[in-house]
Each structure stands twice: as structure tokens, then as C-alpha cells.
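# Understanding the architecture of this molecule
Listed below, chain by chain, are the residues.
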Amino acid sequence: ACIIHENQQVHHAIRRALDSHDTVEVEAAIYASAQFAARSKTFAISMCSKVASMIESLQTPVNMKLQLIPVLRHMHHDANTAAIVKTLCINLLPKYPSENFICVTLDSLTELSCATLVDIPDQVNLLIDYLQDPRTKVRVSVLKSLQILAEKGSHLWLVESVNSLISVAQTMRGDGHENSMMLKFILTLTKCPLIAGSKKEEGRILELCT
């Protein structure tokens, strides 16, 4: 993909393979789609509707949908495509509430937000909602995503979101690993001058640590 990412023949071959009746060929095409979408704007834009329709199709097996969703994280080359993918992923969350689907979809939305930057505040708020999920696997996945967003764009976080996050953290009864992850990304946030300079947030963070 790093060498022939704009080769139209390869693009068509991958697209044809996605319609194959051979499961192994389709899974290989999904892998190839992710590699080419990451490098080719033309391929990503042209494949957006195809991948979306496969994910929404009732004929696509669930395990294949789980492989298709990560392809979407690379479709950020233009604002229009990124907005379509974001809407699709958000609509998938209530339709497929299993923990594997939730984790893969939230991870993809986080990667997409890091690429566009403008969607970081919305993604933070979405993750805060899922931080209250009763399933440990979902919470750990959310904490990893929050860490990525804190490292990538803590200056884009809204003060309201930080306050909501601290409130949720104070009510969490996770294990030591989850608490450690929570403190790690809050530490990352405090390195941002906008958050570190606020006496109110500073006081609430100290209260949480205590």
C-alpha cells in the first residue's frame, strides 16, 4: 500500500473481492481496504459507502462487521467523509450493544477524532457516557481512548467535560488497574495550561486524588 496506494486497478480488485462469496477472500480484502484507506484519499472516499453498506447489511456476519468497523477510522481525508463515518459509527452503538462492538466502534471514533481534531470535544463526552458502563472491558477501552485524546488534544477539552469526568471518577468503583488508568490521563490533562490554571478544577482533582 505504501508503494501503489493510488493504483486504480488494485482499488477495483479490492472492491470486487469484497463482493466475493469466499469468506477468506473477503477478510483479506477487508485487511487490504484498511491499508489502502490509510494512505489513499481517493480510495478512502470511494470505499466509504461500500464499507458502510456492508456494515449495515443484515447479510454480513457479525464477526465480519467487527473487522469492517476499524477500516472506517482511516476515512478522515476530507470533512464530508469523516462526518458520514462519524454518524454511521454513532448510529451503530445502540444497534450492537455487545462489548466487542462497543469497544471497536468507540476505538474507531477516537482514532477518527484524533485525525480531525474538531470532533475531540464530542468524542470526550461520548466516552464519559460509556465510562459508566457496568462491563469492565468497555470501561478499560474507554479509559485507553481518553488517554489518547488527552495526549493528542487536551487543549480542546471543554471545562464542563473535565468536571463531568471528575464526577464520574469519584463514583467509580473500579479495580486498581482502572483507577491507575484514570489517574494517568488526568495527570496528562493537568499538563494543559487551560486546565492547570483553573483553581476550581485543580481543587476537584486534588479531592479526587485524596
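Further up the page is the structure itself.
Residues numbered from 1 in each chain as written. Predicted model: local features only at pLDDT ≥ 70, side-chain atom pairs only at ≥ 80, totals over all residues. Heavy atoms only, no water.

## A closer look at the packing of helix 6 (residues 99-116) against helix 8 (residues 136-153)
Put simply, helix 6 and helix 8 touch, their axes get as near as 9 Å, and they point 5° apart. Relative to helix 8, the element helix 6 is oriented roughly parallel. Across the interface between the two elements, Glu99, Asn100, Ile102, Cys103, Leu106, Asp107, Thr110, Glu111, Ser113 and Cys114 from helix 6 touch Lys137, Val138, Ser141, Val142, Ser145, Ile148, Leu149 and Lys152 from helix 8. Counted by class, the contact of helix 6 with helix 8 contains 8 nonpolar, 5 polar and 5 charged residues. (Axes fitted to C-alpha atoms, helices over the stretch in contact; angles between N-to-C directions. Helix = DSSP H or I, 4+ residues; strand = E, 2+ residues; numbered from the N terminus. Parallel < 35°, antiparallel > 145°, perpendicular 65-115°, else oblique. Contact = heavy atoms within 4.5 Å. Nonpolar A, V, L, I, M, F, W, Y, C, P; charged D, E, K, R; others polar.)

## Brief notes about the state of the cysteines
Per the stated rule, a full pass over the model turns up 0 disulfides. Left without a disulfide partner, Cys48 is nearest to the cysteine sulfur of Cys89, which lies 9.4 Å away. Here Cys114 is not disulfide-linked; the sulfur of Cys89 is the nearest cysteine sulfur, at 14 Å. (Disulfide = S-S within 2.5 Å.)

## A closer look at the pattern of salt bridges
When the charged atoms of two side chains lie near each other, side chains of opposite charge can form a pair. Tallied over the entire structure, the rule returns 5 salt bridges. Lys86 serves as the salt-bridge partner of Asp119, at 3.3 Å between the closest nitrogen and oxygen. Taken together, the positions of Asp119 in the loop between helix 6 and helix 7 (120-130) and Lys86 in helix 5 (residues 79-95) put the pair 33 residues apart, joining distant regions of the chain. Here Asp119 and Lys86 have matching classes, each one buried. (Salt bridge = Lys/Arg side-chain N within 4 Å of Asp/Glu carboxyl O. Buried < 20%, exposed > 50% of the residue type's maximum accessible area, 1.4 Å probe, protein only.)

## Some thoughts on the environment of Met54
Turning to its location among the elements, Met54 is positioned in helix 3 (residues 41-56). Classification of Met54 as buried rests on a relative accessible area of 9%. With 11 residues separating them in the primary sequence, Met54 and Lys65 have C-alpha atoms 7.6 Å apart. Ignoring sequence-local partners within four residues, the contact set of Met54 consists of Leu18, Val26, Thr60, Lys65 and Leu68.

## Some words on the layout of surface pockets
In this structure, the largest pocket spans a volume of roughly 260 Å³. Of the residues contributing to the lining of the largest pocket, the split by class is 5 nonpolar, 6 polar and 3 charged. (1 Å grid on protein atoms, 1.4 Å probe; cavity = no way out; pocket = protein on both sides within 12 Å on 5 of 7 lines; lining within 4 Å. Points joined across faces, edges and corners; volume = space filled by probe spheres on them.)

## Some details on the packing of aromatic side chains
The full count for this structure, using the stated rule, is 3 aromatic pairs. Centroid distance Trp157 to Phe185: 6.4 Å. Interplanar angle 40°. Geometry classified as tilted. With Trp157 in the loop between helix 8 and helix 9 (159-171) and Phe185 in helix 10 (residues 176-190), the pair connects residues that are 28 residues apart, well separated along the chain. For the residue pair Trp157 and Phe185, the accessibility class agrees, reading buried in each case. (Phe/Tyr/Trp six-rings, centres within 6.5 Å; stacked < 30°, edge-to-face > 60°.)

## Points about the side chain of Glu178
Tracing the backbone shows Glu178 in helix 10. Among the polar contacts made by the side chain of Glu178, one reaches the side chain of Arg139 at a distance of 2.7 Å. Discounting chain neighbours no more than four positions away, the residues touching Glu178 are Thr136, Arg139, Val140, Leu143 and Met172. (Polar contact = N/O pair within 3.5 Å; in protein donor to acceptor, adjacent residues only side chain to side chain.)

## What about unusual backbone geometry?
You will see that Leu117, though not glycine, has its phi angle at about 70°, which is positive. Along the chain, the position of Leu117 falls in the loop between helix 6 and helix 7.

## Notes on helix 9
The end-to-end C-alpha distance of helix 9 is 19 Å, a good match for the 18 Å that 13 residues give at a rise of 1.5 Å each. Among the residues of helix 9, those classed as buried are Ser161, Val162, Asn163, Leu165, Ile166, Val168 and Ala169. (Expected span 1.5 Å × (residues − 1).)

## Let's talk about the side chain of Gln123
If you trace the backbone, Gln123 turns up in helix 7. The class for Gln123 is buried, based on a relative accessible area of 3%. Among all residues touching Gln123, those that are not within four sequence positions of it are Leu106, Leu109, Thr110, Ser113 and Leu149.

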